[in-house]
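Residues per chain, in single letters:
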Amino acid sequence: MCGIVGFTGKAAPEATEKCREILLSGLENLEYRGYDSAGIAMAGEGEGITICRAVGRISNLRKAVAGCQPQGSCGIGHTRWATHGRPTVENCHPHEDEKHSVAVVHNGIIENYQHLKEELQRSGVEFNSQTDTEVIAQLLAHHYSGNMKDTLQKVLPLLEGSFALGVLDKNQPDCIYCARRRSPLLVAQGKDGSYLASDVSALLAYTKDVTYLEENGIAVLTPDSIRFYNENGSEIHPESTHITWDATAARKNGFEHYMLKEIFDQPTALRDTLNHYVDVELGCIRREAMPFTPEQAKALRRVTIAACGTAYHASVMGQSLLEQLAGIPALAAIASEYRYSNMPPVEGEVFIAVSQSGETADTLAALSYKKAQGLRTIALSNVLGSTIAREADAVMYTLAGPEIAVASTKAYLTQVLLFAILALDLAHLRGVIDDAKLKEGIAALAKLPEQVEEILAKQSVVQDFVQQQKDCRDIFFIGRLMDYASSLEAALKLKEVSYLHSEAYAAGELKHGTIALVDESCLVVVFATQTVVLEKTLANMEEVRARGAKLLLLGHFPEGAPEDCSLWNIGKTSDQLAPLLTTVYAQLFAYYMAKLHGCDIDKPRNLAKSVTVE
Ligand code: F6R
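Numbering of residues starts from 1 in every chain and runs along the sequence as written. Per-residue local features of the predicted model are confined to residues with pLDDT of at least 70, and side-chain atom pairs are confined, for both listing and counting, to 80 or more; whole-chain, interface and lining totals are unaffected and use all residues. Side-chain measures were taken over the full set of non-hydrogen atoms in the model, leaving aside hydrogen atoms and water.

Thoughts on the sheet that holds strand 7 (residues 163–169)
Here is step 1: Spatially, the seven strands line up as an open sheet ordered 5-6-7-8-12-13-14, and their pairing is antiparallel. Edge positions in the open sheet fall to strand 5 (95–96) and strand 14 (235–236), since each of these has one partner strand only.
Here is step 2: Pairing between two strands is assigned when DSSP locates at least 2 bridges connecting them. Segments assigned H or I by DSSP are reported as helices when at least four residues long, segments assigned E as strands when at least two residues long, and all are numbered from the N terminus. Where strand 8 (residues 176–181) meets strand 12 (residues 218–221), four bridges bridge the pair, whose relative direction is antiparallel. Counted as the bridge partner of Ile176 is Leu221 from strand 12.

As for the packing of aromatic side chains
Here is step 1: Here is the rule: rings of Phe, Tyr and Trp (six-membered ring for Trp) pair when centre to centre is within 6.5 Å. Planes less than 30 degrees apart are stacked, more than 60 are edge-to-face, and the remainder are tilted. The full count for this structure, using the stated rule, is 13 aromatic pairs.
Here is step 2: Arranged with centres 5.9 Å apart and planes meeting at 70 degrees, the rings of Tyr338 and Tyr369 form a pair that is edge-to-face. Of this pair, Tyr338 sits in helix 11 (residues 335–338) while Tyr369 sits in helix 12 (residues 361–372), and the two are 31 residues apart along the sequence. Taken individually, Tyr338 and Tyr369 each receive the classification buried, so the pair is uniform in this respect. Using a 1.4 Å probe on the protein chains alone, a residue whose accessible area is under 20% of its type maximum counts as buried, one over 50% counts as exposed, and one in between counts as partly exposed.

Some details on the site of the ligand
Here is step 1: Being near a molecule or strand, for a residue, comes down to having at least one heavy atom within 4 Å of it. The full set close to the ligand counts 13 residues, and Ser355, Gln356, Ser357, Thr360 and Glu496 are the nearest of them.
Here is step 2: A distance of 2.8 Å is found between an oxygen atom of the ligand and a side-chain nitrogen or oxygen belonging to Lys493.
Here is step 3: Two N or O atoms form a polar contact when they lie within 3.5 Å of each other; inside protein one atom must be a possible hydrogen donor and the other a possible acceptor, and for residues adjacent in sequence the pair counts only when both atoms belong to side chains. A distance of 2.5 Å separates an oxygen atom of the ligand from a polar atom in the side chain of Glu496.
Here is step 4: Computed by Shrake-Rupley with a 1.4 Å probe, the accessible areas treat only the displayed protein chains as cover when residues are assessed. Relative to its unbound accessible surface of 400 Å², the ligand loses 90% to contact with the protein.
Here is step 5: For the shell around the ligand, the elements supplying multiple residues, two or more each, are helix 10 (309–326) and helix 17 (482–498).
Here is step 6: Examining the composition of the shell around the ligand, we find that three residues originate from one element, helix 10, more than from any other.

Describing the sheet that holds strand 4 (residues 74–80)
Here is step 1: Strands sit in the order 3-2-4-1-10-9-11-15 across an open sheet of eight strands; the sheet is antiparallel. Pairing within the sheet leaves two strands with one partner each, and these edge strands are strand 3 (48–55) and strand 15 (241–242).
Here is step 2: Of the strand pairs in this sheet, strand 11 (residues 209–212) and strand 15 are connected by two bridges, and their pairing is antiparallel. Within strand 15, the residue paired with Val210 across the bridge is Thr241.
Here is step 3: Two residues form a contact once any of their heavy atoms are found within 4.5 Å. Only the stretch in contact is used when a helix axis is fitted, and all axes are lines through C-alpha atoms; the angle between N-to-C directions ranges over 0 to 180 degrees. This element, helix 1 (residues 15–30), spans strand 1 (3–9), strand 2 (37–44), strand 4 and strand 10 (193–197) of the sheet and lies at about 160 degrees to strand 1.
Here is step 4: Of the strands in this sheet, strand 2, strand 3 and strand 4 are in contact with helix 2 (residues 58–68), which crosses strand 3 at around 140 degrees.

Re helix 5 (residues 148–155)
Here is step 1: Those residues of helix 5 that fall on the buried side of the exposure criterion are Met148, Lys149, Thr151, Leu152 and Val155. Angular distribution of buried residues about the axis of helix 5 spans 160 degrees; they occupy a single face of the element.
Here is step 2: Check the buried side of helix 5 and you find it contacts strand 6 (102–107), helix 4 (133–142), strand 7, strand 8, strand 12 and strand 13 (226–229). Here the arc refers to the set of directions running from the helix axis out to each C-beta atom.

Topic: the environment of Lys410
Here is step 1: Along the chain, the position of Lys410 falls in helix 14 (residues 410–429).
Here is step 2: Sequence separation between Lys410 and Leu139 is 271 residues; the distance between their C-alpha atoms is 33 Å.
Here is step 3: Polar side-chain contacts of Lys410 include one of 3.1 Å to the side chain of Asp265.

As for the domain arrangement of the protein chain
Here is step 1: Here the limits of each domain have been adopted from an automatic or database domain assignment. Domain parsing of the protein chain yields domain 1 (3–245), domain 2 (253–451) and domain 3 (459–596).
Here is step 2: The gap between the C-alpha centroids of domain 1 and domain 3 is 47 Å.

Next up, the structure:
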């Protein structure tokens, strides 16, 4: 989740100024895609390639550019959301080869970069950064044939993973080469030159007619022309698209709110996160990406987890996954409570702090508390180099990309996915499951993105249901075991964006008091994915039905719903993964309820995205 922009302009007295401004303002328009560091590279006849980079916002890059004054009328720029290597100047894009002949900006993830890097290092190539992107620049220089398009055709098949690339070649200083696989990239011809961007929002100030590169396609931009090539190198003539969105809509990719966009980002977020930790084809875990060595895994006696809000709910899921899949005693705690508890450390205990932002004060305090007890600590975070990630002894990142809406959605799903990967890995290392079972588990994880897509394709079912809930003011979410954790998250999501009263209960607890509140004015949402307690959960549903409540059932019920009950079905998966799928429905439900009530969905009242006060 980063942003790319590029421009090659016609010769003119102000060409350098113009190119710099197009790159910088294009990056400002893309800042919502990533904002931990940014950079530009510019090329001009007799000037070579000049690279200028800065950590932080584009405003910092503007100052750096004013200082280093890159020359030329052709350039590429990038705003970064770090995935490999912390947000430092060395890790900022553009990256170049050791001879400064090629500069590259890149969105996406090169999964086999470590292997490619080691091969290049063996042939004497020296690296300057920890990024996967530098491998592309070094490979292009290493295989350079005098023709960058041919070189790209040779190098791209070596890359595994996803990429959108912008490339400058010192020998052709008015040319930008670009290519893509599973990551969007578009180009446009304007009257003053040719443009490149990863998102249309960077180009709307100059043109509304853009051409999207085809999968595995290459394009070559000069000031007067853009030529397109397919995977085999044959020239093609794709049609352009006329954009009708304004800049704000474009940033949200056409979605009305960031929350909805981020709900729809989830298949990609799950795929990116999974591929970082798991080799899906081989059915094995990438050892180097995991926080436990085999010895550490065997010595593990207990996992304690602390987090706040949605991240706490992901931790409750994590507790169940570690217990059920790996047989490890685990405890998920609310960070603001746990930090004041007097929990003595246990021999072989490891502590995990879960935080999307990596900056939440209470989670950080819980981490410090456990560190002071001498425990080994692990962070699960979405922000590379965040405080919690830096403070912990080891870190696992979710690769969800920036989450802009205050209500957390894609971070939650990827946090739970990380716990599932961790639990499978620990189970395997501790001999609880064999290779075949590990493969089976990974295959189930690999199906998740598609299963989420199937649910997203049914969003109109949720919308229609919500339309019938105009008068509903009290909503109860109930479930047992992992479905209880889903209920907690569903109730939080609904109340924070729609301001409706909602509560989550372990289904078996209702009859111990809360059922007194249930009458015909209530909606009761029943999560029913846990086989071992399915009948009991359905019996609890009957108890609220008898009090006149309206019912909505979520789970895998191919044979249909009981009478007088709405049903949202999920695809077939394990009991451990099913709650991820029902949660997608719950997110859509919260979103459409908030829309029905005219709420400020992306910025709910009284809430902030990052809670840095205790
Ligand atoms: C709810 C939400 C919050 C956060 C909580 C922790 O949608 O976003 O409950 O989950 O404030 O934030 P992080 O994960 O950044 O520590």
